[in-house]
Amino acid sequence: MLVTGSNLINTPVLSVQTGNPVGFVSAPIIDPDSLKIIAFQLSGPLVTSDASILDAKSVREYSSMGMVIDGVDDLVGPEDIVKISKILALNFNLIGLKVETKKGSKLGKVLDYTFTDNDFVVQQIIVKRPAIKAFIDPELTISRKEIVEITDYKIIVKDEEKVLKARAEKEDFIPNFVNPFREKQPGFAPTDYKESEE
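Keep in mind it's a predicted model, so treat the numbers as computed, not measured.

Engineer: In this structure, what is going on with the overall build of the chain? I would like to understand it.
Structural biologist: Along the chain, the regular secondary structure elements total 3 helices and 14 strands. By the burial criterion, 38% of the 198 residues in the chain qualify as buried. Contacts in the chain between residues at least 24 apart in sequence constitute 48% of all its contacts with a sequence separation of at least 6. Accessible surface, the chain as shown: approximately 13,000 Å² in total, 53% of it carbon and sulfur.

And the structure:
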């Protein structure tokens, strides 16, 4: 299931051992190379500065109730896992990054994103359009497949025409199927069909 990144903030992290919240998500830690959430910064009564990071691998389940982990022992310090500490040192934040095409056309800034709840991989970025283009289309949803490069300051995607075309094709899709539970299916008879004459 796809979840928006903004819904992560203040998500409760529940312990299986106690059945109570360990803390709440204050920020995701996203790896810019893989565009995947690898950990979460937590805050709350049981969270200390020495153990304030939750590795995404420790999440047993993610649902509307929150994240489920074994217990407070799953929390680590910012320096305990090398990969996480390196990402933290980059101070990378997906929200607010400029989005441009390979040709340099400015598409806007990242307003939000979506990720899959089973592996925390970012699937789409939601771009707030510049004032001039916002009249026609205030927001633009771009698939991760359209992303060419990510730097400290911007995300580079394929040409704007290709991005808009990919979205238009998705929106114009009309399912072509027959509902087998309907008694009559007008308009679905074969062209060579003729009623038998009695």
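Engineer: Teacher, can you tell me more about the packing of aromatic side chains here?
Structural biologist: Any pair of aromatic rings gets described here by the distance separating the centres and the angle formed by the planes. All told, the structure shown has 5 aromatic pairs when counted by the stated rule. Between the aromatic rings of F40 and F120, the centroid separation amounts to 5.3 Å while the plane-to-plane angle is 75°, which identifies the pairing as edge-to-face. One end of the pair, F40, is in strand β4 (residues 36-43); the other, F120, is in the loop between β10 (106-116) and β11 (122-128), with 80 residues separating them in the sequence. In this structure, F40 and F120 share a single accessibility class: buried. Measuring from centroid to centroid gives 6.1 Å for Y62 and F115, while their planes differ by 65°, and the two rings are edge-to-face. Within this pair, whereas Y62 is found in strand β6 (residues 61-63), its partner F115 is found in strand β10, the two being separated by 53 residues in sequence.

Engineer: Even after reading the chapter, I still don't get the side chain of T11, so can you show me in this structure?
Structural biologist: In this fold, T11 is placed in the loop between β1 (2-4) and β2 (12-15). Judged by relative accessible area, T11 falls into the buried class, the value being 6%. In this structure T11 touches G23, F24, V25, Y62, G66 and M67, once residues within four positions along its chain are discounted.

Engineer: Looking at this structure, how should I read helix α1 (residues 82-90)?
Structural biologist: Working note: α-helix, 3.6 residues per turn, so residues spaced by three or four point in the same direction. Residues of α1 that are buried: I84, S85 and I87. All buried residues of α1 fall inside an arc of 160° around its axis, so they share one side. Exposed residues lying more than 90 degrees from the buried face of α1 are V82, K86 and A89. Of the residues trailing α1, N91 is marked for its positive phi of about 55°.

Engineer: Got a minute to help me understand the sheet that holds β2 in this structure?
Structural biologist: Within a sheet, adjacent strands bond to each other through the backbone by hydrogen bonds, running parallel or antiparallel. The sheet built from 7 strands is open, its strands ordered β6-β7-β2-β3-β4-β5-β8 with mixed pairing. Sheet topology places β6 and β8 (75-76) at the edges, where each strand pairs with a single neighbour. Where β2 and strand β3 (residues 21-31) come together, 3 bridges link them in antiparallel fashion. Within β3, the residue paired with P12 across the bridge is F24. In the packing of α1 onto the sheet, the strands contacted are β3, β4 and β5 (53-55), and the crossing angle to β3 comes to about 70°.

Engineer: Any chance you could explain the pattern of salt bridges here in plain terms?
Structural biologist: Oppositely charged side chains can pair when the atoms bearing their charge come close. The tally for this structure, following the rule as stated, stands at 3 salt bridges. One salt bridge in this structure joins R60 and D70, with 2.6 Å as the shortest N-O distance. Placement of R60 in the loop between β5 and β6 and of D70 in the loop between β7 (66-69) and β8 is noted, with a sequence separation of 10 residues between them. Owing to a relative accessible area of 56%, R60 belongs among the exposed residues under this scheme. Judged by its relative accessible area of 35%, D70 is partly exposed.

Conventions used here
Residues numbered from 1 in each chain as written. Predicted model: local features only at pLDDT ≥ 70, side-chain atom pairs only at ≥ 80, totals over all residues. Heavy atoms only, no water. Helix = DSSP H or I, 4+ residues; strand = E, 2+ residues; numbered from the N terminus. Buried < 20%, exposed > 50% of the residue type's maximum accessible area, 1.4 Å probe, protein only. Contact = heavy atoms within 4.5 Å. Areas by Shrake-Rupley, 256 points an atom, 1.4 Å probe, with all protein chains shown as cover. Phe/Tyr/Trp six-rings, centres within 6.5 Å; stacked < 30°, edge-to-face > 60°. Arc of directions from axis to C-beta. Pairing = 2+ DSSP bridges. Axes fitted to C-alpha atoms, helices over the stretch in contact; angles between N-to-C directions. Salt bridge = Lys/Arg side-chain N within 4 Å of Asp/Glu carboxyl O.

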